[in-house]
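A look at the structure
Each chain, written out:
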Amino acid sequence: MDTAQEFEAHRSRMFSLAYRMLGSAAEAEDAVQDAYLRWHGADHDQVEAPGAWLAKVVTNLCLNRLTSARVKREEYFGPWIPEPVETAAGMLGPMETAEQRDSVSFAVLTMMEQLSPPERAAVVLRDAFDYSHRDIAGVLDCSEANARQLYRRAKQHLADGRPRFTTSREQDDELLSRFLAAASEGALAQLEQLLSDQVVVWSDGGGKASAASRPVSGRDNAARFLAGLFSRWVNGARISFTEANGVPAVVSWADGELTAFGALEIGEGGITGIRLVLNPDKLAFLATQLREPSQDA
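Attention here is on the structure that accompanies the text. (Residues numbered from 1 in each chain as written. Predicted model: local features only at pLDDT ≥ 70, side-chain atom pairs only at ≥ 80, totals over all residues. Heavy atoms only, no water.)

Points about the overall build of the protein chain
- A count of helical and extended segments in the protein chain gives 12 helices and 6 strands.
- With respect to the principal axes defined by its C-alpha atoms, the protein chain has extents near 65 × 40 × 35 Å.
- Considering only contacts in the protein chain between residues 6 or more positions apart, those separated by 24 or more positions represent 69%.
- A total of about 14,400 Å² of accessible surface is found on the protein chain, and carbon and sulfur atoms cover 47% of it.
- Side-chain charges of the protein chain comprise 30 positive and 42 negative groups, with the mean position of each set lying 5 Å from the other. (Helix = DSSP H or I, 4+ residues; strand = E, 2+ residues; numbered from the N terminus. Contact = heavy atoms within 4.5 Å. Areas by Shrake-Rupley, 256 points an atom, 1.4 Å probe, with all protein chains shown as cover. Lys, Arg positive; Asp, Glu negative; His and termini not counted. Charge placed at Lys NZ, Arg CZ, Asp CG, Glu CD.)

What follows is the structure in structure tokens.
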């Protein structure tokens, strides 16, 4: 196997690592490409384990990016949501368990924005790639004790920020279908029945698409906001279902362009959170993964 083939054998794993670190598919692709340039210029006779070598390179590239990314996200207009990635084909690794899906959920990736870059690296390497604390220490150039502390602090923060509630895929699919029907028809009463009292809607337009500049909270406010938003989506648009970040999701197409994305978070009392991505820049990667449904579909 030549060096280019060796790198390609690890590309998917490196993208999965970079995406979990950065929450951005575009930035993850850039990090993987930068890793390739470093791999191309490396003395391969000195690389005993290419996978481990590349993981360390990608992690450190992401650590550097996170510093500047935090400044950009603090200046971002309105709510920031990670870029959606279609996962049915295994782009981010297996999605067979609740834990695997949870690791790339919008809620967890958003909460990880509050972690320090080393904490984020520690939890990603440990939970998603099964690194030992000793291996994490090697990647981060710190002591094993420090690696353990980074991981412990990160997990505590994530546990404090998100109560666990598990549903089946069938339940998720059924609730998403009912939600879409009620929202598209502007049926406020039916829509409100699906929402919890504490539901929050985040809509990410990034100043480039019409969206709420702040999260919309509460059943009544959320239902009215969603009914109004979906009335614009379904007017001349084509709606289709997909799987993104390990959960069922809905996308909207207009004139051959992917214009909107939505995913639900489900908890006690119904739908507790809704993440809507409307910023065209953050839909670009997903659009390359999907294709607009045919007119006779």
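Section: the nonpolar core
- Of all hydrophobic cores here, the largest spans 49 residues; its most connected members are Phe 15, Leu 17, Tyr 19, Met 21, Met 112 and Val 123.
- Among the elements of the structure, α1 (3-22), α2 (25-40), α3 (50-74), α5 (106-111), α6 (117-129), α7 (133-140) and α8 (144-161) are those that each provide at least two residues to this core.
- Once residues within four sequence positions are removed from consideration, Met 112 is found in contact with Arg 20, Arg 120, Val 123, Val 124 and Leu 158. (Core = buried A, V, L, I, M, F, W, Y, C linked by side-chain atoms within 4.5 Å. Buried < 20%, exposed > 50% of the residue type's maximum accessible area, 1.4 Å probe, protein only.)

Some thoughts on the packing of α1 against α3
- Interaxial distance between α1 and α3 falls to 9 Å at its minimum, and their mutual angle equals 30 degrees. Our classification of the angle between α1 and α3 gives roughly parallel. Here the hand of the crossing between α1 and α3 comes out right-handed. Counting all contacts with α1, which are made through Glu 6, Phe 7, His 10, Met 14, Leu 17, Ala 18, Met 21 and Leu 22, the residues of α3 involved are Pro 50, Gly 51, Leu 54, Ala 55, Val 58, Thr 59, Cys 62, Leu 63, Arg 65, Leu 66 and Arg 73.
- For the contact of α1 with α3, the residue count by class is 13 nonpolar, 3 polar and 3 charged. (Axes fitted to C-alpha atoms, helices over the stretch in contact; angles between N-to-C directions. Parallel < 35°, antiparallel > 145°, perpendicular 65-115°, else oblique. Left-handed = near helix turned anticlockwise from the far one by under 90°. Nonpolar A, V, L, I, M, F, W, Y, C, P; charged D, E, K, R; others polar.)

Examining α1
- Along its 20 residues, α1 runs 26 Å from first to last C-alpha, staying within 8% of the 28 Å computed at 1.5 Å per residue.
- Along α1, the helix axis deviates most sharply at Arg 11, where the bend reaches about 45 degrees.
- Every buried residue of α1 is accounted for by Phe 7, His 10, Met 14, Phe 15, Ser 16, Leu 17, Ala 18, Tyr 19, Arg 20, Met 21 and Leu 22.
- Against α2, α3, α5, α6 and α12 (280-289) lie the buried residues of α1. (Expected span 1.5 Å × (residues − 1). Bend = angle between axes of the 7 residues up to and from the residue.)

Concerning the pattern of salt bridges
- Inspection of every chain in the model, using the stated rule, returns 16 salt bridges.
- Glu 113 is paired through a salt bridge with Arg 120; the nearest N and O atoms lie 2.7 Å apart. Taken as a pair, Glu 113 and Arg 120 share a single burial class, namely buried.
- A salt bridge links Glu 174 to Arg 178; the nearest nitrogen and oxygen atoms lie 3.7 Å apart. Of this pair, Glu 174 and Arg 178 both sit in helix α9 (residues 169-185), separated by 4 residues, roughly a single helical turn.
- One network of salt bridges, with partners in common, ties together Glu 27, Arg 73, Glu 113 and Arg 120. (Salt bridge = Lys/Arg side-chain N within 4 Å of Asp/Glu carboxyl O.)

Description of the sheet that holds strand β5 (residues 257-267)
- Taken together, the 6 strands give an open sheet; going across it, the order is β2-β1-β6-β5-β4-β3, and neighbouring strands pair in mixed fashion. The open sheet has two edge strands, β2 (216-217) and β3 (238-244), and neither has a second partner.
- In terms of strand pairing, strand β1 (residues 195-204) meets β2 through 2 bridges, oriented antiparallel. The partner of Val 201 across the bridge, within β2, is Val 216.
- On top of the sheet, α9 reaches β3, β4 (247-254), β5 and β6 (270-277); it is set at about 35 degrees to β4, its chief contact. (Pairing = 2+ DSSP bridges.)

So, the environment of Leu 17
- The residue Leu 17 is located in helix α1 in this model.
- As a C-alpha pair, Leu 17 and Thr 3 span 14 residues in sequence and 20 Å in three-dimensional space.

Overview of the pairing of β1
- Within β1, 7 of the 10 residues are buried, leaving the element largely enclosed by the surrounding structure.
- Pairing geometry for β1 and β6, over 6 bridges, is parallel. Pairing of Val 201 across the sheet is with Ile 274, part of β6.

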